[in-house]
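# Architecture at a glance
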Amino acid sequence: MTARDDILARLRPAGGDPAAAYAAIPRPYLRRHHENGLLDLAAERIADYRAAVHRVTEADLPAALAAAFRPGAYVVPDGLPAAWTAGIDAARLAGPDADLEWAAGTVTGCTAVIAETGTIVLDHGPGQGRRALTLVPDHHLVVVRADQIAADVPDALARIDVTRPLTFVSGPSATSDIELSRVEGVHGPRTLEVFLL
Amino acid sequence: MTMPTYVGMPAFPKAARAAVADTRLRGNLAHATGTIRARRAAAVAELDDWAELRAAGKAIKDHTLAHLAHYLELLEERVTAAGGTVHWARDAAEANAIVTRLVRATGETEVVKVKSMATQETGLNEALAEAGITAHETDLAELIVQLGDDRPSHILVPAIHKNRAEIRALFRARMPSAPDDLTDDPAALAEAARRHLRAKFLSAKVAVSGANFAIADTGTVLVVESEGNGRMCLTLPDTLITVMGIEKLLPTARDLEVFLQLLPRSSTAERMNPYTSAWTGVTPGDGPQAFHLVLLDNGRTATHADPVGRQALRCIRCSACLNVCPVYARAGGHAYGSPYPGPIGAILSPQIRGIGSEVDASLPFASSLCGACYEVCPVAIDIPEVLVHLRARAPKRPAERAAMGAAGWALNSAARLAAAQALAGRGRRFARHARVPRAWTDTRDVPVPPAESFRAWWRRTRDGS
Ligand code: SF4
């Protein structure tokens, strides 16, 4: 008997139809904890993680992004709206195949934001780039459209295709491993700046 | 069963006695568990529907366990369809052999690792070392533990027993890149670790990870973390090998809406942990292009077969039960002699290893049955119920006497503790007789509490010791 057959045999028999039993699981919890003011809530909750939050209009975005740039090159993924980076010298922008280790930062969009928890969800599709792009460079600038803000975890998950590679980002990386004192900026980007349109 | 008992590990009583005598260790532990407890209570109180989420979490896990063979087959099918390869391991030795073979096939002699309870359970690092493969732990706490040739003492904060001065000394001694003027400021220590590990991440070809959840009907695997070392390991190498206990399944992606609320708040007391990664098989052009999922039994099917003990498999390793446990706070994690310390360890280790060794036979007694662990558990595992059940199965006399002697020692005449226990006892009685709206105990009946308190029981039975 293979290990597989052995393990499965030890777990049988199971009674009944899994699909029907699954559908019958009670889910009396809330779909969302806040109904209104989601933009404010998202801004507040993201800022709670000590990520920088900028509330800007679409027209002001290029200047706001340019002001946030630090010296060095920034990687931009394919599919990022060109208008967003119109305020920046093209020589400062590198394509997604650039050497990430030497990039100062990266500019991306996102898939969704969970207002309740201040979480940014990336599915690494167009405008977001492969996972390494938002991981290796030290400065992550992310642009969020208001219609991408979901109230809470259940709402957000309903918008997401989980079979895509996904990264849920809640503030910059952090550790509390030393005497539980929180240190921000370990291995991911040490600075996260969020631009809410 | 083949979760190795730590070599030379004394039974809980002896180990606990040593820990209780170590005032520095106790100081570290008391500070840490007290801090996490308070933060967690605040994070949980923020959600009005915590009791409902907890009930749903329990129901989803129970359902999954009832149909585990079905969901495992489904997971295998979906992971395979998405370009991954699924392996099955009956025990630790099989799992280690599979991982060793997979690493060898890449030609590499180094792997980076994300913190994984399952591979601690199988002793993977030691098995790889025997095969000439070096495993680098990349979680800061695991790194501290590894550099110190030490053992983890807490699920979530494995180096909870070390303070900043000890960590600084360790880095200075064992980390070549640590600067001469390294201070004991946690930020400076974290920066030293960042530099030490960055080169490893950027050059690593093979990563080994655990998993927090896997979604059966999509084949998606998730890792929940804080530091970004997980993302590094899951993204940059060419080959990813994930070792996962067979109980980590969830039926559909929808179930994440419950567990991504329960786990971060219950574990690190955050609304959401900094990073969660999810991947489904292999994605061309993004991340590892070879993905292996090793499904580990190692005593879980035996645990599954026990109708009372099975609930231990609901555990999502949040570690909340450790932080409320009066015995853990005094005895520390090492006394439990397994990667799973605290109340969950006391019911999980004897079940997955079998009650063969002295330490495993003593673990069901390493508790005062105060019930705090049950009340705090986000998937409502009735740890006291399982402890009592396992006590009945344990070989009685010598182990019991020895264990009670030591648990008694751990708890000996600490006025604060006595007060805490009395409070917990009152809470239990209160919960049984009164309706407490929104209390966690609402989700099900509290089990009949022990008729006498632990202390009374110990006093009554110690005459033989
Ligand atoms: S038993 Fe419950 S409280 Fe303890 S680690 Fe597991 S899920 Fe968390």
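Residues numbered from 1 in each chain as written. Chains lettered and ligands numbered in written order. Predicted model: local features only at pLDDT ≥ 70, side-chain atom pairs only at ≥ 80, totals over all residues. Heavy atoms only, no water.

All right, on to the overall build of chain A then. What chain A contains, in helices and strands, is five helices and twelve strands. Relative to the globule expectation of 16 Å for 197 residues, the C-alpha radius of gyration of chain A, 21 Å, shows a markedly less compact shape. Across its three principal axes, chain A shows a C-alpha extent of roughly 65 × 45 × 40 Å. Relative to its full complement of 197 residues, chain A shows a buried share of 57%. Sequence separation of 24 or more characterises 69% of the internal contacts of chain A that already satisfy a separation of 6 or more. (Helix = DSSP H or I, 4+ residues; strand = E, 2+ residues; numbered from the N terminus. Rg over C-alpha atoms; globule rule 2.2 N^0.38 Å. Buried < 20%, exposed > 50% of the residue type's maximum accessible area, 1.4 Å probe, protein only. Contact = heavy atoms within 4.5 Å.)

Here we take up the packing of helix α16 (residues 342–353) of chain B against helix α19 (residues 383–393) of chain B. Two numbers describe a pair of packed helices, the interaxial angle and the distance between the axes. Residues and elements named next belong to chain B. Where α16 meets α19, the axes come as close as 10 Å, and the angle between the chain directions of the two elements is 40°. Relative to α19, the element α16 lies oblique. For the pair α16 and α19, the sense of crossing is left-handed. Across the interface between the two elements, Pro343, Ile344, Ala346, Ile347, Pro350 and Gln351 of α16 pack against Ile383, Val386, Leu387 and Leu390 of α19. In the contact of α16 with α19, the residues fall into nine nonpolar, one polar and no charged. (Axes fitted to C-alpha atoms, helices over the stretch in contact; angles between N-to-C directions. Parallel < 35°, antiparallel > 145°, perpendicular 65-115°, else oblique. Left-handed = near helix turned anticlockwise from the far one by under 90°. Nonpolar A, V, L, I, M, F, W, Y, C, P; charged D, E, K, R; others polar.)

Size of an interface: often given as the accessible area lost when the parts come together. What the domain assignment reports for chain B is domain 1 (1–46 + 321–395), domain 2 (56–298) and domain 3 (400–462). Here the C-alpha centroids of domain 1 of chain B and domain 2 of chain B sit 23 Å apart. (Domains from an automatic or database assignment.)

With that settled, consider the interface of chain B and chain A. Tallying the contact residues gives 91 residues for chain B and 72 residues for chain A. Across the chain B/chain A interface, buried area totals approximately 6,900 Å², and carbon plus sulfur atoms make up 59% of it. In this structure, the connection of chain B to chain A is made through twelve salt bridges. The partner of Asp297 of chain B in a salt bridge is Arg10 of chain A, and the shortest N-O contact between them spans 2.8 Å. In this assembly, chain B and chain A are joined by 30 residue pairs in polar contact (both at pLDDT 80 or more). Here the residues of the side of chain B that touches chain A sort into 43 nonpolar, 24 polar and 24 charged. (Buried area = accessible area lost by both parts, 1.4 Å probe. Salt bridge = Lys/Arg side-chain N within 4 Å of Asp/Glu carboxyl O. Polar contact = N/O pair within 3.5 Å; in protein donor to acceptor, adjacent residues only side chain to side chain.)

What follows deals with the pattern of salt bridges. Considering all chains together, one arrives at 35 salt bridges over all chains under this definition. Between Arg50 of chain A and Glu184 of chain A there is a salt bridge, with its nearest N and O atoms 3.8 Å apart. Here Arg50 of chain A, found in the loop between α3 (38–48) and β1 (52–55), pairs with Glu184 of chain A, found in strand β11 (residues 183–184); they are 134 residues apart in sequence, far enough to count as distant. Taking the shortest distance from any N to any O, the salt bridge between Glu257 of chain B and Arg254 of chain B comes out at 3.3 Å. Residue classification places Arg254 of chain B among the partly exposed residues on the basis of a relative accessible area of 40%.

Residues and elements named next belong to chain B. For the pair helix α8 (residues 140–147) and helix α9 (residues 164–174), interaxial distance at closest approach is 10 Å and the crossing angle is 65°. For the pair α8 and α9, the sense of crossing is left-handed. The residues of α9 that touch α8, namely those facing Leu140, Ile144 and Leu147, are Ile167, Leu170, Phe171 and Arg174. Of the residues contributing to the contact of α8 with α9, the split by class is six nonpolar, no polar and one charged.

Residue and element names in this part refer to chain B. Mapped onto the fold, His136 is located in strand β3 (residues 134–137). Looking at His136, the relative accessible area reads 15%, which means it is buried. At 2.8 Å, the side chain of His136 and the side chain of Glu110 are in polar contact. Dropping the residues within four chain positions of it, His136 is found in contact with Glu110, Val111, Val112, Lys113, Gln146 and Lys200.

Negative phi characterises most residues that are not glycine, and trans characterises most peptide bonds. All names here are of chain B. For Ala269, which is not glycine, the phi dihedral falls at a positive 60°. Its place among the elements puts Ala269 in the loop between α12 (256–267) and β9 (275–280). Taking the relative accessible area as the measure of exposure, Ala269 reaches 18% and is therefore buried.

Residues and elements named next belong to chain B. Per the counting criterion, the structure on display carries three aromatic pairs over all chains. With centroids separated by 5.8 Å and ring planes inclined at 85°, the aromatic side chains of Trp279 and Phe291 adopt a geometry described as edge-to-face. Residue Trp279 is located in strand β9, and its partner Phe291 is located in strand β10 (residues 290–296); the two are separated by twelve residues in the primary sequence. By relative accessible area, Trp279 is classed as buried at 3%. Looking at Phe291, the relative accessible area reads 2%, which means it is buried. Positioned above the aromatic ring of Phe259 is the side chain of Lys61, whose terminal nitrogen or guanidinium carbon lies 5.7 Å from the ring centre. (Phe/Tyr/Trp six-rings, centres within 6.5 Å; stacked < 30°, edge-to-face > 60°. Lys NZ or Arg CZ within 6 Å of the ring centre and 35° of its normal.)

Here we come to the sheet that holds strand β6 (residues 220–225) of chain B. Across a sheet, strands are paired by hydrogen bonds formed along the backbone, either parallel or antiparallel in direction. A sheet is described by the order of its strands in space; here eight strands give the open sequence β8(A)-β5(A)-β6(A)-β9(A)-β9(B)-β6(B)-β5(B)-β8(B), paired in mixed fashion. The two strands at the open ends of the sheet, each matched to only one other strand, are β8 (149–150) of chain A together with β8 (249–250) of chain B. Contacting β9 (166–169) of chain A together with β5 (213–215), β6 and β8 of chain B, α12 of chain B runs over the sheet at an angle of about 170° to β5 of chain B. (Pairing = 2+ DSSP bridges.)

This part is about the environment of Pro154 of chain A. The topology assignment puts Pro154 of chain A in helix α5 (residues 153–159). It is 24 Å that separates the C-alpha atoms of Pro154 of chain A and Pro126 of chain A, two residues lying 28 residues apart in sequence.

The next point concerns the pairing of strand β1 (residues 85–89) of chain B. All names here are of chain B. With four of five residues buried, β1 is to be regarded as a mostly interior element. Judged from the five bridges that link them, β1 and β10 form a sheet pairing that is parallel. By the bridge assignment, His87 is partnered in β10 with Val294.

This part is about the pairing of strand β4 (residues 206–209) of chain B. Residues and elements named next belong to chain B. Residue alternation in β4 divides its side chains into two sets, Val206 and Val208 and Ala207 and Ser209, and both sets are buried. Relative to β4, strand β2 (residues 110–113) runs parallel, the two sharing two bridges. Pairing of Val112 across the sheet is with Ala207, part of β4. In terms of strand pairing, β4 meets strand β7 (residues 239–245) through four bridges, oriented parallel.

Residue and element names in this part refer to chain A. All of the buried residues along helix α4 (residues 61–68) are Leu61, Pro62, Leu65 and Ala68. The buried residues of α4 occupy an angular sector of 130° when the element is viewed end-on, so they sit on one face. Summarising the geometry of α4, the exposed residues directed more than 90 degrees from the buried face are Ala63 and Ala67. Those residues of α4 that are buried lie in contact with β2 (74–75), β4 (105–108), β7 (139–144) and β12 (191–196). (Arc of directions from axis to C-beta.)

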